[in-house]
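Remarks on the overall topology
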Amino acid sequence: LARETAVALTAAGLRLVRVQSLLLTDIEKVRVDMGSWKGHFGTLTPFHGACMAQGEPSRPVPEPPRLTRASRPLQGVPLEELGLTKLPVRADGSVLDWGARILAGWEIS
């Protein structure tokens, strides 16, 4: 999906920049030292220590002076086509929409 997205954006005159996540520390680089005892295992302390060992997070990049529009209108796709999630199916074949009650009780505009 990421490759197809990059190709589609490039064809539309846009550049895709991928980042690891929205976290301050790249989670793939955090290594908890299992050989030393710091705090209680299973708590935040060992993980926090490993994150701190990464050093200060980089500063945010400045906002761009302007944004360039795509050379042609972008086409959207229904959320379901992105394949981001698969809702569970009950034994009777009906779909269990776990978010329906949340959406019904929460004003999202």
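Structure: above.
Residues numbered from 1 in each chain as written. Predicted model: local features only at pLDDT ≥ 70, side-chain atom pairs only at ≥ 80, totals over all residues. Heavy atoms only, no water.

Within the protein chain, the regular secondary structure consists of three helices and zero strands. The globule rule puts the C-alpha radius of gyration for 109 residues at 13 Å, and the 21 Å found for the protein chain is more than 25% above it. Considering only C-alpha atoms, the protein chain reaches an extent of 55 × 50 × 30 Å along its principal axes. Each of the 109 residues in the protein chain was classed as buried or not, and the buried ones make up 7%. Within the protein chain, contacts between residues at least 6 apart in sequence are counted, and of these 36% link residues at least 24 apart. Entry remark: accessible area of the protein chain is about 10,600 Å², with carbon and sulfur atoms responsible for 59%. (Helix = DSSP H or I, 4+ residues; strand = E, 2+ residues; numbered from the N terminus. Rg over C-alpha atoms; globule rule 2.2 N^0.38 Å. Buried < 20%, exposed > 50% of the residue type's maximum accessible area, 1.4 Å probe, protein only. Contact = heavy atoms within 4.5 Å. Areas by Shrake-Rupley, 256 points an atom, 1.4 Å probe, with all protein chains shown as cover.)

What follows concerns a nonpolar patch on the surface. On the surface, L23, I27, V32, M34, L44 and F47 cluster together into a nonpolar patch covering about 570 Å² of accessible area. Considering the arrangement of structural elements, one finds M34 in the loop between α1 (2-11) and α2 (44-52). The exposed category is assigned to M34, whose relative accessible area is 62%. (Patch = residues over 30% accessible without salt bridge, like charges linked within 9 Å, V, L, I, M, F, W, Y side chains within 5 Å. Salt bridge = Lys/Arg side-chain N within 4 Å of Asp/Glu carboxyl O.)

Within the span of α2, buried status applies to P46, A50 and C51. The arc that holds the buried residues of α2, viewed along the axis, is 135°, so those residues lie on one side. Exposed positions of α2 whose direction lies more than 90 degrees from the buried face are L44 and M52. (Arc of directions from axis to C-beta.)

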